[in-house]
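Okay, here's what each chain looks like letter by letter:
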Amino acid sequence: MKRTPIYGLMAEFATPTDIVSAAKRTHEAGYRKIDAYSPFPIEELAEAIGFHREDVALVTLIGGLLGMFGGYILQYWIHAISYPTNVGGRPFNSWPAFIVVTFEMTILFAGLSAVFGMLALNGLPMPYHPVFNVARFAFATKDRFFLIIFSSDAKYDAAETRRFLESLEPRSISEVPS
Amino acid sequence: MDRETQVTERRRAPVIQPGYTFATITDKISSIVLARPVTNSWLVGFGFAGLITMMLLYAIGYLFVRGVGIWGVNIPVAWGFAIVNFVWWIGIGHAGTLISAILLLLRQQWRNSINRFAEAMTLFAVACAGLFPLLHLGRPWLFYWLFPYPNSMTYWPQFRSPLVWDVFAVSTYFTISLVFWFIGLIPDLATLRDRAENRWAAMIYGILAMGWRGSARHWKRYEKAYLLLAGLATPLVLSVHTVVSFDFAIAILPGWHTTIFPPYFVAGAIYSGFAMVLMLAIPIRKWYALEDFITIRHLENSAKVMLATGLIVAYGYATEAFMGWYSGNDLDAFLLWNRLHGPYHLTYYALLFANVGFPQVLWFRKWRTRPGLLFLVSAVILTGMWIERFVIVVISLHRDFLNSSWGMYYPTKWDWMTFIGTLGFFCFAFFLFVRILPMISIFEMRTLLPEAEVKEAE
């Protein structure tokens, strides 16, 4: 049967408790390619859809280490190799004086890695996304909670999945055209 | 919750007035940006601040033509207003980071309704602060020489100098504050994108929101990044005023060369910063009818922070005076005498009144909960903290080791125009901010509601 390609099926809920329990049941029912949308962070929701590794911390650590070593090596290279200046007989590699800039570079690189790492891992900026085709989805940034089962899921079946979502007693169900 | 905490909880004003839902919070905050018409009072304030900003540009333009000779600075007082204003402004910025980062780590949820505009305050204050050392350079257009970049002069900055540390501390601080503020805005920009009826507004907010759709995966990474940034910003903010104090403490001048400077500068920064937060919050909550979100609880908590940091600052003054007497060092003793009896003695008494004496009214709940009085106390503290920096910079410099090199410092009209000009620019930027961006974090306010909690099902 040839039809317009469907990106997924989306169900709307009114409270954080409803969406979390719905997401849990969907995950328990064996659906894996799912996502949930909420107007504010809900810790339990990511757990419920089976998302555990966020990797932002690792990116931040790597960025911070780069900043730290980069910052120190820069100062060492400048003052001990490229342009050694004798200041009152103090060593060229006067490390206590280099700590401040090393620290600031650590923070700068770690912070920027956290921000850009988070955006990159989230695939943002992404101005277009199929979920925006659903008119009700504008409420995802206000007071509504959405659960989507992607059509790429192995268990996905247009009629069967819709019946399953109906059993979760959502406010509404919409097809998401891709 | 035991009985005692219940009673105290009931006595305290709530963080958010009851009766709000996710939708009404969203509508109330976003409508200030999207639906509220431009009022005459806003136009007048914005226009006036714009005029003062023009004066700043004029003063800067004239400085570019004539050089720093138009200011009152000379030997022995080579630092003058430029450094006084720099330290003052950057200190004000610190409260924004304290609210957004340190209070987040300490799980102080009341911060959620004031962190957004406090962060904006930080950005604008640091922008004003950064202007002064640059203008003070003499050849401000060559400011990029401060950064280490390969150049045809084979010249490098001297990394053993606190002034170079300052460049790195302040530029890192500005950058991190900017990204912290911006990622905090992303979910709210998405809200504005979805609410805006004007097509252009929707497009601009849409571009800035970068396609945020509130996915649970995104939120998890987002929360992690936000928490990590808060953890990074906390030592950063403490380091910035520490490094600023090193500009003084590393020098050997009496009055500057003390180890009390870093903690005392950081406390003073937070002290003046909270005063500025209150001076902004009190009119804003009134004009935009946000008393339900910025409650007496917020004002009272800010007042308590001011009281605590004010006492640390008072302890710093006491230590300075004690060391002047106890060290037995003639130069330190003379500095103390010069503060008390020298030509600038009035500034020292004004500082003691404004920073130590008057703010003690905050001990009393009755006065701490009166917005009008808090506004006045904040204004006095801000003035006092500005005078403190004047005392530190000018009184120490104008009479140093040799009588033959003593001198006086008098600011010129250009000094005043530049300083007042930055005040105007700060207000100008703030007037713009409250009209084009949500001044309270909408998504963080939603999390404060009881219904935001997930109840255990089954």
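Our subject in this report is the structure included herewith. (Residues numbered from 1 in each chain as written. Chains lettered and ligands numbered in written order. Predicted model: local features only at pLDDT ≥ 70, side-chain atom pairs only at ≥ 80, totals over all residues. Heavy atoms only, no water.)

Section: the interface of chain A and chain B
Part 1: In this complex, chain A contributes 68 residues to the contact, which on the side of chain B involves 58 residues.
Part 2: Surface buried jointly by chain A and chain B totals about 5600 Å² across both partners, of which 70% is contributed by carbon and sulfur atoms.
Part 3: Between chain A and chain B we count 4 salt bridges in total.
Part 4: Among the ionic pairs, Lys224 of chain B bridges to Glu54 of chain A, the shortest N-O distance being 3.8 Å.
Part 5: Put simply, the parts of the chain that give the side of chain A that touches chain B at least two residues each are helix H1 (16-28), strand S2 (34-37), helix H2 (43-48), helix H3 (56-82) and helix H4 (95-121) of chain A.
Part 6: Top element by residues in the side of chain A that touches chain B is H4 of chain A. It accounts for 17 residues. (Contact = heavy atoms within 4.5 Å. Buried area = accessible area lost by both parts, 1.4 Å probe. Salt bridge = Lys/Arg side-chain N within 4 Å of Asp/Glu carboxyl O. Helix = DSSP H or I, 4+ residues; strand = E, 2+ residues; numbered from the N terminus.)

A short note on the pairing of S2 of chain A
The side chains of a regular strand alternate, residue by residue, between the two faces of the sheet.
Residues and elements named next belong to chain A.
Part 1: Burial of S2 is two-sided: the residues Ile34 and Ala36 facing one way and the residues Asp35 and Tyr37 facing the other way are all buried.
Part 2: Looking at chain direction, S2 and strand S3 (residues 145-150) are connected through 4 bridges and run antiparallel. Its bridge partner being in S3, Ala36 is matched across the sheet by Leu147. (Buried < 20%, exposed > 50% of the residue type's maximum accessible area, 1.4 Å probe, protein only. Pairing = 2+ DSSP bridges.)

Observations concerning the side chain of Thr161 of chain A
All names here are of chain A.
Part 1: Following the sequence through the fold, Thr161 ends up in helix H5 (residues 158-167).
Part 2: Look at Thr161 and you get buried, because its relative accessible area is 0%.
Part 3: Leave out the neighbours within four places in its chain, and Thr161 touches Leu9, Tyr31, Ile149, Lys155 and Tyr156.

Quick word on the sheet that holds strand S4 (residues 172-177) of chain A
Residues and elements named next belong to chain A.
Part 1: Taken together, the 4 strands give an open sheet; going across it, the order is S2-S3-S1-S4, and neighbouring strands pair in antiparallel fashion. In the strand order of this sheet, the two ends are held by S2 and S4, each with one partner. Neighbour to neighbour, the strand axes of the sheet diverge by 20 degrees on average, direction disregarded.
Part 2: Of the strand pairs in this sheet, strand S1 (residues 6-13) and S4 are connected by 6 bridges, and their pairing is antiparallel. By the bridge assignment for S4, Ile6 is matched with Pro177.
Part 3: In the packing of H5 onto the sheet, contacts are made with S1, S3 and S4, and the angle to S1 comes to roughly 10 degrees. (Axes fitted to C-alpha atoms, helices over the stretch in contact; angles between N-to-C directions.)

Focus on the pattern of salt bridges
Part 1: Scanning all chains against the criterion turns up 15 salt bridges over all chains.
Part 2: Across the pair Asp188 of chain B and Arg116 of chain B runs a salt bridge whose closest N-O atoms are separated by 3.1 Å. In this pair, Asp188 of chain B is assigned in helix H6 (residues 162-195) and Arg116 of chain B in helix H5 (residues 115-135), connecting sequence segments 72 residues apart.
Part 3: Judged by relative accessible area, which is 0%, Asp188 of chain B ranks as buried.
Part 4: Overlapping salt bridges bring together Glu12, Arg136 and Arg144 of chain A as one network.

Let's talk about the state of the cysteines
Part 1: Under the criterion given, the structure shown has 0 disulfides over all chains.
Part 2: The thiol of Cys128 of chain B is not disulfide-bonded; the next cysteine sulfur, from Cys427 of chain B, is found 9.1 Å away. (Disulfide = S-S within 2.5 Å.)

Side note on the nonpolar core
Part 1: Of all hydrophobic cores here, the largest spans 181 residues; its most connected members are Trp89, Phe117, Phe248, Phe430, Phe433 and Met439 of chain B.
Part 2: Looking at which domains feed residues into this core, each of domain 1 (6-54 + 128-177) and domain 2 (59-121) of chain A supplies at least three.
Part 3: If sequence neighbours within four positions are ignored, Trp89 of chain B has contacts with Ala125, Cys128, Ala129, Phe132, Met276, Thr422, Leu423 and Phe426 of chain B.
Part 4: The next biggest cluster of nonpolar side chains, apart from the first, holds 15 residues, and it includes Met105 of chain A together with Phe159, Val167 and Ala169 of chain B. (Core = buried A, V, L, I, M, F, W, Y, C linked by side-chain atoms within 4.5 Å. Domains from an automatic or database assignment.)

These results come straight from atomic positions and should not be treated as a statement about function.
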